[in-house]
Amino acid sequence: QVQLVESGGGLVQAGGSLRLSCAASGGIFRVYDMAWYRQAPGKQRELVAGIRSGGSTNYEDSVKGRFSNSRDDAKNMVYLQMNSLKPDDTAVYYCNAEVSSTIDYIPRLYWGQGTQVTVSS
């Protein structure tokens, strides 16, 4: 069964950096578009950064120039490099990917369990 597992979250001071990783595993045939979302307490989940299977990226306005999204298709992984972090970046960060498995080859959307990022002022 396909699973997404995030790692790399933690506590960092404002201005610091973190690198999140997300690994897809479990009978994968192909990974298509991948993305990072975040959800802060009392707020809706929002798209932070996306990366298509061809490598093109898009970013939420508040993270442009600070966050960088990349992927390693050989490892079925996606990364989010977060620099110049601000307290407003505090949230649970979720990985999201469209994946087809070797069971039926039908693309489906999967979510990771989330990783907490806390930025102190």
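Each chain has its residues counted from 1, running along the sequence as written. The predicted nature of this model means local features are confined to residues of pLDDT at least 70 and side-chain atom pairs, given and counted, to a pLDDT of 80 or more, with totals for whole chains, interfaces and linings taken over all residues. The side-chain values count all of the structure's non-hydrogen atoms but skip hydrogen atoms and water molecules.

Peer 1: Before we go on, may I ask you to explain the side chain of Glu6 in this structure?
Peer 2: Considering the arrangement of structural elements, one finds Glu6 in strand 1 (residues 3-7). Here Glu6 sits buried without a salt bridge, and the closest side chain of opposite charge, Arg45, lies 7.6 Å off (N-O distance). Of note is the side chain of Glu6, whose polar atom sits 2.7 Å from the backbone nitrogen of Cys95. Residues are treated as being in contact if the distance between any of their heavy atoms lies within 4.5 Å. With residues near it in sequence (within four places) discarded, Glu6 still touches Ser21, Cys22, Trp36, Tyr93, Tyr94, Cys95, Gly112, Gln113, Gly114 and Thr115. Starting at the N terminus, helices and strands are each numbered in turn, a helix being any DSSP run of H or I of at least four residues and a strand any DSSP run of E of at least two. Under the scheme applied here, a residue whose accessible area is under 20% of the maximum for its type counts as buried, over 50% as exposed, and between as partly exposed, the area being computed with a 1.4 Å probe on protein chains only. Residues counted as positive are Lys and Arg, residues counted as negative are Asp and Glu, and His and the chain ends are not counted. Just to be clear on terms, a salt bridge is a Lys or Arg side-chain nitrogen sitting within 4 Å of an Asp or Glu carboxyl oxygen. Residues adjacent in sequence count toward polar contacts only when both atoms are side-chain atoms; beyond that, a polar contact is any pair of N or O atoms within 3.5 Å, and within protein one must be able to donate a hydrogen and the other to accept it.

Peer 1: Help me understand the nonpolar core in this model?
Peer 2: Take the buried residues of types Ala, Val, Leu, Ile, Met, Phe, Trp, Tyr and Cys, join any two whose side-chain atoms come within 4.5 Å, and each joined set is a nonpolar core. Trp36, Val48, Phe67, Leu80, Met82 and Tyr93 are the most contacted members of the largest nonpolar core, which totals 29 residues. Sorting the residues of this core by element identifies strand 3 (18-25), strand 4 (28-39), strand 5 (46-51), strand 8 (77-82), strand 9 (91-101) and strand 11 (115-120) as the ones contributing at least two each. When residues in this core are grouped by element, the largest group, 5 residues, is from strand 9. In contact with Phe67, not counting residues within four places along its chain, are Arg38, Val48, Tyr59, Leu80, Gln81, Met82, Asn83, Leu85, Asp89 and Tyr93.

Peer 1: What should I look at first to understand the sheet that holds strand 1 in this one?
Peer 2: Hydrogen bonds between backbone atoms are what pair the strands of a sheet, whose relative direction is either parallel or antiparallel. Read across the open sheet, the 4 strands follow the order 1-3-8-7; overall the sheet is antiparallel. Whereas interior strands pair on both sides, the edge strands pair on one side only; in this sheet they are strand 1 and strand 7 (67-72). For this sheet, the mean inter-axis angle between neighbouring strands, taken without regard to orientation, is 15°. Two strands qualify as a pair provided that DSSP identifies no fewer than 2 bridges between them. Of the strand pairs in this sheet, strand 1 and strand 3 are connected by 5 bridges, and their pairing is antiparallel. Note that in strand 3 the partner of Ser7 across the bridge is Ser21. A fitted line through C-alpha atoms serves as each axis, taken over the contacting stretch for helices, and the angle formed by two N-to-C directions is quoted from 0 to 180°.

Peer 1: Looking at this structure, how should I read the state of the cysteines?
Peer 2: Disulfide: a covalent bond formed between the sulfur atoms of two cysteine residues. The term disulfide is used for any two cysteine sulfur atoms that are within 2.5 Å. With the rule as written, the count across this model stands at 1 disulfide. Note on cysteine connectivity: Cys22 is disulfide-linked to Cys95, with sulfurs 2.1 Å apart. Residues Cys22 and Cys95 are joined by a disulfide whose S-S torsion is about -80°; by sign, that bridge is left-handed. Pair noted here: Cys22 is in strand 3 and Cys95 is in strand 9, with a separation of 73 residues, a long-range link. Across the pair, exposure class does not vary: Cys22 and Cys95 are buried alike.

Peer 1: What am I meant to see in unusual backbone geometry here?
Peer 2: Excluding glycine, residues mostly carry a negative phi; peptide bonds, for their part, are mostly trans. Despite not being glycine, Asn76 has its phi angle at roughly 55°, a positive value. Inspection of the secondary structure puts Asn76 in the loop between strand 7 and strand 8. Unusually for a residue other than glycine, Tyr105 sits at a positive phi of about 65°. Inspection of the secondary structure puts Tyr105 in the loop between strand 9 and strand 10 (108-111). On the basis of relative accessibility, which here comes to 47%, the residue Tyr105 falls in the partly exposed class.

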